[in-house]
Amino acid sequence: MKRSLGFTLLEMIVSIVLLAVVGLSLSAIIQHSMSIYTDTTTREELLLQGRFVTERMHKEIRDAVPNSVQINQTTQCIEWLPITNTAVYEALPLAPESANTMRVLPEHGFVQSERVVIMPINAQDLLDDIPSNGVDRVAEIKNNIDFTPAPEATTVEIEFTQETSFTANSPAHRLFAYKTPVAYCLEGSLLYRYANYPLSRSELSPAELSAGDRELMAEKIKSVQFDVKQASLVRNGLVKLQFVFSDNNEEVRLDHDVLIANTP
């Protein structure tokens, strides 16, 4: 008589326990792997956001009008005036002399209502109304001026909206043109870019910039820090940017320095 083959109760219990131990171990390994993958993915997404923002701001700030960068640490905003044109001038109506025209060699044509500045030293002065007596470092272009660079240097005559008497002379005979500012502000955990708002804004804050265009640039930002060292005759301006991105208990900090290409 043959004995039937099979598992004893003890063997089945031992098998179940072993399978349970192996299953729990595999589950822990899979869970840990998924956690590492999630953390890595989150960190990479935060880094991508940070690199995008810092590179975008770097490209814009480096071509700002010298000494035009302003910071409001309370509202966590930074603002500057993008250069729309540059030129070298022949002669300057320097105070007490005045004139409503000036000959310059520009990079390209000028646009009506653009402002030109010589030796900028204060950001707020670039935004303020031009004095009615025309004695200032800033003047306003009256009409559109076409200009096409030629093989040989040629100059064009620009006309101002009023008689102007400049209060400073540039050692390099350079002037910078600008029209409207650009600003970045942190609102909660979101970073917005503002553009095409009036020079006459009363405060560097999102509420005062809302008259312009608003564009979301980044999210999941825990904190920002902006610092600026203004330019001088022998030193370029320097802007320091610091961002801390945070998501799913992951934090990424990015520090970036922007050297402004132009000096007064």
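Here is what the cut-offs are and how they apply
- Residues numbered from 1 in each chain as written.
- Predicted model: local features only at pLDDT ≥ 70, side-chain atom pairs only at ≥ 80, totals over all residues.
- Heavy atoms only, no water.
- Helix = DSSP H or I, 4+ residues; strand = E, 2+ residues; numbered from the N terminus.
- Rg over C-alpha atoms; globule rule 2.2 N^0.38 Å.
- Buried < 20%, exposed > 50% of the residue type's maximum accessible area, 1.4 Å probe, protein only.
- Contact = heavy atoms within 4.5 Å.
- Areas by Shrake-Rupley, 256 points an atom, 1.4 Å probe, with all protein chains shown as cover.
- Lys, Arg positive; Asp, Glu negative; His and termini not counted.
- Charge placed at Lys NZ, Arg CZ, Asp CG, Glu CD.
- Pairing = 2+ DSSP bridges.
- Axes fitted to C-alpha atoms, helices over the stretch in contact; angles between N-to-C directions.
- Phe/Tyr/Trp six-rings, centres within 6.5 Å; stacked < 30°, edge-to-face > 60°.
- Disulfide = S-S within 2.5 Å.
- Core = buried A, V, L, I, M, F, W, Y, C linked by side-chain atoms within 4.5 Å.
- Salt bridge = Lys/Arg side-chain N within 4 Å of Asp/Glu carboxyl O.

A. View of the overall build of the chain. Scanning the chain for helices and strands turns up three helices and 15 strands. Its C-alpha atoms give the chain a radius of gyration of 30 Å, more than 25% over the compact-globule value 18 Å for 264 residues. Dimensions of the chain, computed from the C-alpha atoms along their principal axes, are close to 130 × 45 × 30 Å. A total of 264 residues make up the chain; the buried ones form 38% of that total. Contacts spanning at least 24 positions in sequence make up 64% of the contacts within the chain whose residues lie at least 6 apart. A total of about 14800 Å² of accessible surface is found on the chain, and carbon and sulfur atoms cover 54% of it. Computed over 22 positive and 34 negative side-chain charges, the inter-centroid distance for the chain is 9 Å.

B. Representation of unusual backbone geometry within the structure. Here Ala95 and Pro96 are connected by a cis peptide whose omega angle stands at 10 degrees. Within the element layout of this structure, Pro96 appears in the loop between strand E3 (85-89) and strand E4 (99-106). Within the chain, Met119 stands out as a residue other than glycine whose phi angle is a positive 55 degrees. Inspection of the secondary structure puts Met119 in the loop between strand E5 (115-117) and helix H2 (123-127). With a phi close to 50 degrees, Asn248 is a non-glycine residue in the positive phi region.

C. Looking closely at the sheet that holds strand E12 (residues 213-218). Reading across the sheet, the five strands line up as E1-E2-E10-E11-E12 and stay open at both edges, with antiparallel pairing between neighbours. The sheet is open, and its two edges are formed by strand E1 (70-72) and E12, each paired on a single side. Direction aside, the axes of adjacent strands within the sheet are offset by 20 degrees on average. By the bridge criterion, three bridges tie E1 to strand E2 (residues 77-80) in an arrangement that is antiparallel. The residue bridging Gln70 from the neighbouring strand is Glu79, located in E2.

D. Representation of the sheet that holds E3. Ordered in space as E6-E8-E4-E3-E9-E5-E7, the seven strands form an open sheet in which the pairing is mixed. Both edges of this open sheet fall to strand E6 (135-136) and strand E7 (138-140), since each of them pairs with a single strand only.

E. Inspection of the packing of aromatic side chains at higher detail. The full count for this structure, using the stated rule, is four aromatic pairs. Ring centres 5.7 Å apart and planes at 15 degrees place the aromatic pair Trp80 and Tyr184 in the stacked group. Placement of the pair is Trp80 in strand E2 and Tyr184 in strand E10 (residues 182-187), with a sequence separation of 104 residues. Taking relative accessible area as the criterion, Trp80 reaches 1% and is therefore assigned buried. Residue classification places Tyr184 among the buried positions, given a relative accessible area of 0%. Their ring planes at 75 degrees and their centres at 5.9 Å tell us that Phe160 and Phe166 sit as a pair that is edge-to-face. Of the two residues examined, Phe160 and Phe166, each falls in the buried class.

F. Structural detail: the state of the cysteines. Applying the stated criterion across every chain yields a total of one disulfide. Put simply, Cys77 and Cys185 are joined by a disulfide, and their sulfur atoms are 2.0 Å apart. As the torsion about the S-S bond is roughly 120 degrees, the Cys77-Cys185 disulfide counts as right-handed. Placement of the pair is Cys77 in strand E2 and Cys185 in strand E10, with a sequence separation of 108 residues. The same class applies to Cys77 and to Cys185, which are both buried.

G. Structural context of the nonpolar core. By size, the foremost hydrophobic cluster in this structure holds 26 residues, and its most contacted members are Met57, Ile61, Ile78, Leu241 and Phe243. When residues of this core are traced back to their parent elements, those giving at least two are helix H1 (9-61), E2, E10, strand E11 (190-195), E12, strand E13 (221-229), strand E14 (238-247) and strand E15 (250-259). Each residue touching Leu241, except ones within four places of it in the same chain, is listed here: Met57, Ile61, Ile78, Gln225, Phe226, Leu254, Asp255, His256 and Val258. Listed in part, the 20 residues of the second largest apolar core include Val116, Ala139, Val156 and Ala177.

H. Focus on the environment of Pro198. Tracing the sequence through the fold places Pro198 in the loop between E11 and helix H3 (206-209). A C-alpha to C-alpha distance of 8.9 Å links Pro198 and Leu127, two positions 71 residues apart in sequence.

I. Representation of the pattern of salt bridges. Taken as a whole and judged by the stated rule, the model has ten salt bridges. The salt bridge involving Arg193 is made with Glu60; its shortest N-O contact spans 2.6 Å. With Arg193 in strand E11 and Glu60 in helix H1, the pair connects residues that are 133 residues apart, well separated along the chain. Salt-bridge contacts for Asp63 lead to Arg62; the nearest nitrogen and oxygen are separated by 3.6 Å. Judged by relative accessible area, which is 37%, Asp63 ranks as partly exposed.

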